[in-house]
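# Secondary and tertiary structure notes
Spelled out, the chains give:
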Amino acid sequence: PETPAEFDFAIAECGGTWTATPEANEARPISCITWFEALAFCATEGKRLPTEAEWEYAASGGDEQRIYPWGDEAPASELAVFGCLFDGDAACTDADLPVAGSLAAGAGRFGQLDLAGSLWEWTLDAYAPYTATACENCASLGVENEPRVFRGGDYKFDDPASLRA
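A brief look at the structure comes next. Source: prediction; values computed, not measured. (Residues numbered from 1 in each chain as written. Predicted model: local features only at pLDDT ≥ 70, side-chain atom pairs only at ≥ 80, totals over all residues. Heavy atoms only, no water.)

## Topic: the state of the cysteines
Every disulfide links exactly two cysteines, by a covalent bond between their sulfur atoms. The following threshold applies: A pair of sulfur atoms, both from cysteines and within 2.5 Å, is called a disulfide here. Only protein chains enter the accessibility calculation, which uses a 1.4 Å probe; a residue whose area is less than 20% of its type maximum is buried, one above 50% is exposed, and one in between is partly exposed.
Inspection of the entire model under this criterion finds 1 disulfide. Disulfide pairing is shown between C84 and C92; the S-S distance is 1.8 Å. Disulfide C84-C92: the torsion about the S-S bond is -50°, which places it as left-handed. Judged by its relative accessible area of 39%, C92 falls in the partly exposed class. In this structure C42 is not part of a disulfide, and its nearest cysteine sulfur, from C32, lies 17 Å away.

## Looking at the side chain of D125
Operational definition: Helix and strand labels come from DSSP, where a helix needs a run of H or I of at least four residues and a strand needs a run of E of at least two; each type is numbered from the N terminus. Charged residues are defined narrowly, with Lys and Arg counted positive, Asp and Glu counted negative, and His plus the chain ends left uncounted. By salt bridge we mean one thing: a side-chain nitrogen of Lys or Arg within 4 Å of a carboxyl oxygen of Asp or Glu. Identification of polar contacts relies on pairs of N or O atoms within 3.5 Å, with a donor-acceptor requirement for protein atoms, meaning one able to donate a hydrogen and the other able to accept it, and with residues adjacent in sequence counted only if both atoms are side-chain atoms. Whether two residues are in contact is decided by their heavy atoms: any pair within 4.5 Å suffices.
Checked against the element boundaries, D125 lands in strand 1 (residues 121-126). No salt bridge is formed by the buried D125; its nearest oppositely charged neighbour, R148, is found at 7.2 Å. Looking at D125, its side chain comes within polar contact range of the main-chain nitrogen of E52, at 2.5 Å. Once residues lying within four places of it in the same chain are set aside, the contact partners of D125 are T51, E52, C138, A139, S140, R148 and V149.

## Digging into the environment of T34
By secondary structure assignment, the location of T34 is in the loop between helix 1 (4-14) and helix 2 (35-44). For T34, a relative accessible area of 37% translates into the label partly exposed. Remark: the alpha-carbon pair of T34 and I11, spanning 23 residues in sequence, is separated by 10.0 Å.

## Notes on the pattern of salt bridges
On inspection of all chains with the given rule, the structure shows 6 salt bridges. Here the salt bridges do not stand alone but share partners, grouping D63, E64, R66 and R109 into one network.

## Points about helix 3 (residues 52-59)
In plain terms, the rule: The reported arc concerns the directions from the helix axis to the C-beta atoms and nothing else.
Listing the buried residues of helix 3 in full gives E52, W55 and A59. End-on, the buried residues of helix 3 take up no more than an arc of 65°, which puts them together on one face. Phi for G61, located one or two positions after helix 3, is positive at around 75°.

## So, the packing of aromatic side chains
Rule in force here: The aromatic pairing rule takes the rings of Phe, Tyr and Trp, using the six-membered ring of Trp, and pairs them if the centres are within 6.5 Å, calling planes under 30 degrees apart stacked, those over 60 edge-to-face and the rest tilted. Think of it as a cone above the ring: NZ of Lys or CZ of Arg counts as a charge over the ring if it is within 6 Å of the ring centre and within 35 degrees of the ring normal.
Here the structure, examined in full by the defined rule, presents 6 aromatic pairs. With a centroid separation of 5.1 Å and an interplanar angle of 5°, the aromatic rings of Y68 and W70 are classed as stacked. As far as burial versus exposure is concerned, Y68 and W70 are alike and both buried. It is R148 that lies over the ring of W35; its NZ or CZ is 4.0 Å from the centre.

## Digging into the environment of G88
By the secondary structure assignment, G88 is in the loop between helix 3 and strand 1. Since its relative accessible area comes to 68%, G88 is described here as exposed.

Written out as structure tokens, the structure is:
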């Protein structure tokens, strides 16, 4: 979006969690943003998106190579926000996407929360197939219109495989 009004419209049309005024959604993860918007937000905070390799390292517990951020135990509603299970109601509603960090039992090895479930997370990389050779500084920056990599699963997805590191 080129203007704040266009941004507001794009987010409203998507039905995401973002609002222009501080409200209850402020502690919830932001949904319906593009890779460019995520990148710009990080830049305004003096940060950057993690590379795909960095995200996977954190989510798998580094050299522990966990299946999920919390370990190898199968996903459950107290470990990850997925399958519209958070509010205990069978219907999928906004109440199934809680505030960030709501499930401490699902914390990763390094203390990070919400790497599995909640909302998909953008990484810095453009999509590229994995290679068989080891690499250093593996980011695939690609070109402007290449699809970007996201990881971690989503609160609406009911497939536990999407939560794997």
